[in-house]
Amino acid sequence: MDTRALIDGLGPGEGALQPRARYRSDAAEIDLGGRWRFAPYERALDAPEEPARGDAEIQVPGHWQLQGHGAPAYTNVVFPFPVDPPHVPDANPAGDYQRDVELPDLDGRRVILRFDGVDNAAQIWFNGREVGTTKGSRNTHEFDVTQHARPGVNDLRVRVVQFSATSYLEDQDMWWMSGIFRPVTVLLLPEESLGDLRVRADVDPATGEGILRVDADADASVRIAALGVDARAGEEIRIPGVRAWSPEDPALYELVVAGAHESARLRIGFRRIEIRDAQILVNGIPVLFRGVNRHDHHPDRGRAVTVDDIREDLLLMKRSNVNAIRTSHYPPRPELLELADELGFWVIDEADFESHGFSELGERRNPVDDPAWRDALVDRMRRMVARDRNHPSVIMWSLGNESGAGRNLADMRAAALELDDSRPIHYERDYSFRYSDVFSLMYPTHEAVEKIGRFETVTLPRHAVILADEGELSGLDAKPFILCEYAHAMGTGPGGLEEYQELFRHYPRVQGGFVWEWFEHGIAYDAGGARVHGYGGDFGETVHDGNFVADGLVSPERVGRPALTDLAQVFRPVDIRVGENRIEVENRFERSSTEGIAYTVTTLLADGGEVDEPIEIPVARARETVTAPLLTRPDALLVTVSARLAAASAWAPAGHELAWGQRLVRLPDPPAGADAVWAVDPRGISAGVVRLEGPTLGAWRAPTDNDRATRMVELRGGVSDAGSWKKLNLHAPAVWTDPDTGERRWGFAGRDVGFDERLALEPVDGGLALDARLTPRGPWPEGQTLARIGHDWVIPGAGPRTRVRWFGRGFRQSYPDTGAGARLGWFEGSVAELQEHYLRPQDNGVRAEVSVLEIELGGRRLVISGEPFSFSLRPWTDAELDAANHPHELAADTGRLILSINAHVHGVGTAACGPGVLEQHRLHPREAHLALRFAISR
Ligand code: GAL
């Protein structure tokens, strides 16, 4: 095949063996990872007919764009080239890979070359003979090269093109990056190998009887020592008393399948998946997905992730109470599924298919409905199912993502069921749901979820579900409902998590969802010594979608954002309600008791001390609520009850906190003030070395991605919150002071709305009392929101190292609709530590429900106390924060700090992609009152 045929071919790859299960056997394997020779071409069609042994070197697995050849490019929906299927532009980068492969004496063994992932299409030569092609970037392809192989050195060459016809099937929202990005392996298989292995490990939930059948391509014995099973492949075996597999109890059994010449070891789990009464049941019990969508990502290696990378992801997920993963939007490295089996996750395994870009063109020529693409699509489905079907963690197969509706889905579904009829099929983007066993939507509003929970007909206006055509969804009554994506975790946010979770818990039909998404896909680069995480547009792309690629719960360096802290508490497996003299614990595990949990009570005392003690709480069975008495000390301010792992688990050490509950008895007294003399002047207030300039009105914030709602505005029109703030020039307040009354009238450039303020600053026993009443004035537009209502102060001479301590929610940020993971207490840190550096700077770091705030200034301690308020403290004004496109563009030290003290704050919602701020968390013009005391503490 010539390179042009490789590029233009609509079909699957050629020459590969039938797909089969991935398992470990005693056959020899040679990992071909390492340095390969490389010859890059700007245009694939300029490459010589024979693949080259290039002068350059390249790391395999890896992407060439991250190794000095070309650059990564990011688009979300839109294709980065003209849509003219099957053609792709002539400017189609390619690369020839070469490496020597040392083979031992073959002794009649077969030589199989296995490619786990090559983006986008490849042609393979072994010792100068072409052996086949790969298509389906995230699918495994095996080639039998026995007849061309010899002991000693062999020459392996692979030509990879960046784009081919099948790029039209791979329009996932991620970086366009190419190359051999997953392992390449040589397998030396005996002439009679086990071939494909198919394990059916069913369990009857009523009797606990396991029903096992293992099929192999060769005659083989089947043994599970732990269960006393000794049988033959192809036999159905009934095994009493098996321990069923679930994420809460990922019970695996070692299965040995031994043929005459090859023996394999698999870890299997018994479980039965059924759909009954509009619910997905596993082992007879309904599941609730506390899920996340996960892509492969690494800031330096892109999608070339290692098993250790994946393990770290999954451990962090487990520690955050996540129990489900959707492998958006392609099959993962196969090791992910082994880890999911072992650690315990439900997995929706998704085929490598997304043709979202056609939605921009009214779905004209979408491959999903064109028979010419049928074989390619069916091949993708078969390769995934055959590879992954033995994993107990896989609970559903997904036909792909956002590929529209069309007849090829029927064949994909049939192909999956032919290989495995034990699991339901998922597909979201065909709103008839005729090819999906579940009803699934992305980004539905809370209101829509509630209606669906009640089996009411929902209309999908364009603003309820993105991209869905307007129309009614009914007749789906038999189907369980899941949110394959929700709570778009882009920048500050997402707001509304707890409200979703309440719906999931309330309506049996609504079986949870998958937060979008795990990673921010920032790609690291060096900017004058700073390690920067780039997003769309940072690599010279002419068409791109900016920072929409950075919408995850964890930073590119895999550090949890505040959203992950929140999610862990929203997904809490036990709900702890602390009353005056008793504790109530609701077990939210689906199947497990709370036996493995130890509880502690931490009491914060009026004198600032803290007492920690264990407490006995009866064991609660799954979904049961238990109570225990609690004696609260008379000098208690705050009681926190934590549920912790009593013993180490496979994913966290003993003592790991699973959940917590609190009761505030009363607020702490602020520390006693020193006898400082406060001076008030027209520009600010001072007490000795401590100086604050202001206060000015704060009604704006550096818009968050959710405030900007770029994508939603693009889809639905209308104005975002940030847009409406801009329209009123909330960022440009100015004041007129009434010379007679001293009353301040705040307004915004060019507008006639504002706030009237009565501000009193008066010395009180060693401190200064501030009393501010802000009353909205003027014809505010209907439904108008404000980012906040509060005061901004400038503190000269302070910087990122300035220490701060507060009583309120912490340590991490909280907004009215976020911060489930931010508990009440005393917290301290530096100003630098208060900042959350999102890839695109935006408002962040607000701490809520604060009643005492202490800031160390010039060796003294400024104490601000009063009615609970929210604050932020940073070296930048909102305008400076807003103007920066990357964190390193903000000077670390600006010689001053901006302190914002807010009476009210607007929620953040998830309008970056999904519903905006819920009405109860929206801030409309309203009267605001700040009653504070400023003091210098001893
Ligand atoms: C969905 C899509 C995801 C991602 C998300 C927005 O439409 O399935 O891949 O693009 O929106 O970040």
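These numbers come from a predicted model, not from an experiment.

Peer 1: Could you clarify how one ought to interpret the overall build of the protein chain in this entry?
Peer 2: When you go through the protein chain residue by residue, the secondary structure sums to 13 helices and 58 strands. Here the C-alpha radius of gyration of the protein chain, 30 Å, is about what a compact globule of 938 residues would show, namely 30 Å. In terms of its C-alpha atoms, the protein chain occupies a principal-axis envelope of roughly 100 × 65 × 55 Å. Within the span of the protein chain, comprising 938 residues, buried residues form 61% of the whole. A sequence separation of at least 24 residues applies to 73% of the contacts in the protein chain between residues at least 6 apart. Element-wise, carbon and sulfur atoms account for 47% of the exposed surface of the protein chain, whose accessible area totals about 33900 Å². Each charge class in the protein chain can be summarised by its mean position, and for the 104 positive and 144 negative side chains these summaries are 1 Å apart.

Peer 1: Would you mind going over the site of the ligand with me for this structure?
Peer 2: Close contacts around the ligand come from 13 residues, with D173, H329, E402, E485 and H488 the closest. A distance of 2.4 Å separates an oxygen atom of the ligand from a polar atom in the side chain of D173. Side-chain polar atom of E402 to an oxygen atom of the ligand: 2.4 Å apart, as the coordinates give it. Burial of the ligand by the protein amounts to 98% of the accessible area it has alone, namely 300 Å². Counted by class, the shell around the ligand contains five nonpolar, four polar and four charged residues.

Peer 1: Just to check I follow, could you spell out the nonpolar core for this structure?
Peer 2: Here is a general trend for soluble globular proteins: nonpolar side chains tend to be buried in one another's company. Counting residues in hydrophobic clusters, the biggest one holds 105 residues, and the most contacted among them are L314, F345, M381, Y486, V515 and L553. When residues of this core are sorted by domain, at least three fall in each of domain 1 (3-189) and domain 2 (572-664). Beyond its immediate stretch of four places on either side in the chain, L553 contacts V292, A489, V515, E517, W518, V559, G560, R561, A563, L564 and L567. Of all hydrophobic cores here, the second largest spans 33 residues; its members include A687, V690, W806 and L857.

Peer 1: Whenever I open this one, the pairing of strand 51 (residues 767-777) confuses me. Can you help?
Peer 2: For a regular strand, the rule is simple: side chains alternate between the two faces of the sheet. Alignment of strand 50 (residues 754-764) against strand 51, held across eleven bridges, turns out to be antiparallel. Residue V764 lies in a different strand from strand 51, and its bridge partner there is G767. Hairpin connection of strand 50 to strand 51: two residues between the antiparallel strands, including G766 at a positive phi of 80°. Here strand 51 runs beside strand 58 (residues 928-937); their pairing, made up of seven bridges, is antiparallel. When the sheet's bridge partners are listed, L774 is paired in strand 58 with A928.

Peer 1: In this structure, what is going on with the domain arrangement of the protein chain? I would like to understand it.
Peer 2: Accessible area lost when the parts come together is the quantity often used to give the size of an interface. The domain boundaries assigned to the protein chain delineate domain 1 (3-189), domain 2 (572-664) and domain 3 (673-937). Relative placement of domain 2 and domain 3: their C-alpha centres are 34 Å apart. If you look at the interface, domain 2 gives eight residues, while domain 3 gives eight residues. Together domain 2 and domain 3 conceal approximately 620 Å² of surface at their shared face, both sides included; 64% is due to carbon and sulfur atoms. In this structure, the connection of domain 2 to domain 3 is made through one salt bridge. Two residues, E657 and R823, come together in a salt bridge whose shortest N-O distance is 2.7 Å. Taken together, the links from domain 2 to domain 3 amount to two residue pairs in polar contact (both at pLDDT 80 or more).

Peer 1: Could you clarify how one ought to interpret the UniProt feature "domain: Beta galactosidase small chain/" (unreviewed entry) in the protein chain in this entry?
Peer 2: If you check UniProt for "domain: Beta galactosidase small chain/" (unreviewed entry), the listed places come out as residues 684-935 in our numbering. A distance of 15 Å separates the end C-alpha atoms of residues 684-935, which is 11% helix and 45% strand.

Peer 1: For this particular structure, what's the right way to read unusual backbone geometry?
Peer 2: In most cases, non-glycine residues show a negative phi, while peptide bonds are predominantly trans. That bond from P85 to P86 is cis: its omega, 5°, falls within 30 degrees of zero. Mapped onto the elements, P86 comes out in the loop between strand 5 (73-75) and strand 6 (94-103). For the peptide bond that leads from G694 to P695, omega is 0°, which places it in the cis range. Examined against the element boundaries, P695 turns out to sit in strand 47 (residues 690-698). We note that A278 has phi near 60°; this positive angle belongs to a residue other than glycine.

Peer 1: Can you walk me through the packing of helix 6 (residues 446-453) against helix 7 (residues 497-506) in this structure?
Peer 2: Angle between the axes and distance between the axes: these two values describe a pair of packed helices. Direction vectors running N to C along helix 6 and helix 7 enclose 5°, while the axes themselves pass 10 Å from each other. As summarised for this structure, helix 6 and helix 7 are arranged roughly parallel, according to the angle between their axes. Together, H446, V449 and E450 of helix 6 and E499, Y500, L503 and F504 of helix 7 make up the contact between the two elements. A per-class count over the contact of helix 6 with helix 7 returns four nonpolar, one polar and two charged.

Peer 1: Whenever I open this one, helix 8 (residues 562-570) confuses me. Can you help?
Peer 2: Three or four residues apart is the spacing at which side chains of an α-helix point the same way, because the helix has 3.6 residues per turn. Extensive coverage of helix 8 is indicated by the burial of eight of its nine residues. On its buried face, helix 8 sits against strand 26 (289-293), helix 2 (307-319), helix 7, strand 35 (510-515) and strand 44 (657-664).

Peer 1: Sorry if this is basic, but what is going on with helix 2 here?
Peer 2: Its 13 residues place the ends of helix 2 18 Å apart at the C-alpha level, agreeing with the 18 Å of an ideal helix rising 1.5 Å per residue. A positive phi of about 65° marks N321, the residue just after helix 2.

Peer 1: What's the story with the pairing of strand 12 (residues 152-161) in this structure? I'm lost.
Peer 2: Counted residue by residue, strand 12 has eight buried out of ten residues, so it is predominantly covered. By the bridge criterion, ten bridges tie strand 6 to strand 12 in an arrangement that is antiparallel. In the sheet register, D100 faces strand 12, and the bridge partner there is D155. Pairing analysis gives six bridges linking strand 9 (residues 121-126) to strand 12, with the strands arranged antiparallel. Paired with Q123 across the strands is R159, a residue of strand 12.

What counts, and where the lines are drawn
- Residues numbered from 1 in each chain as written.
- Predicted model: local features only at pLDDT ≥ 70, side-chain atom pairs only at ≥ 80, totals over all residues.
- Heavy atoms only, no water.
- Helix = DSSP H or I, 4+ residues; strand = E, 2+ residues; numbered from the N terminus.
- Rg over C-alpha atoms; globule rule 2.2 N^0.38 Å.
- Buried < 20%, exposed > 50% of the residue type's maximum accessible area, 1.4 Å probe, protein only.
- Contact = heavy atoms within 4.5 Å.
- Areas by Shrake-Rupley, 256 points an atom, 1.4 Å probe, with all protein chains shown as cover.
- Lys, Arg positive; Asp, Glu negative; His and termini not counted.
- Charge placed at Lys NZ, Arg CZ, Asp CG, Glu CD.
- Near = heavy atom within 4 Å.
- Polar contact = N/O pair within 3.5 Å; in protein donor to acceptor, adjacent residues only side chain to side chain.
- Nonpolar A, V, L, I, M, F, W, Y, C, P; charged D, E, K, R; others polar.
- Core = buried A, V, L, I, M, F, W, Y, C linked by side-chain atoms within 4.5 Å.
- Domains from an automatic or database assignment.
- Pairing = 2+ DSSP bridges.
- Buried area = accessible area lost by both parts, 1.4 Å probe.
- Salt bridge = Lys/Arg side-chain N within 4 Å of Asp/Glu carboxyl O.
- UniProt positions renumbered as here; feature names shortened; annotations may be inferred.
- Axes fitted to C-alpha atoms, helices over the stretch in contact; angles between N-to-C directions.
- Parallel < 35°, antiparallel > 145°, perpendicular 65-115°, else oblique.
- Expected span 1.5 Å × (residues − 1).

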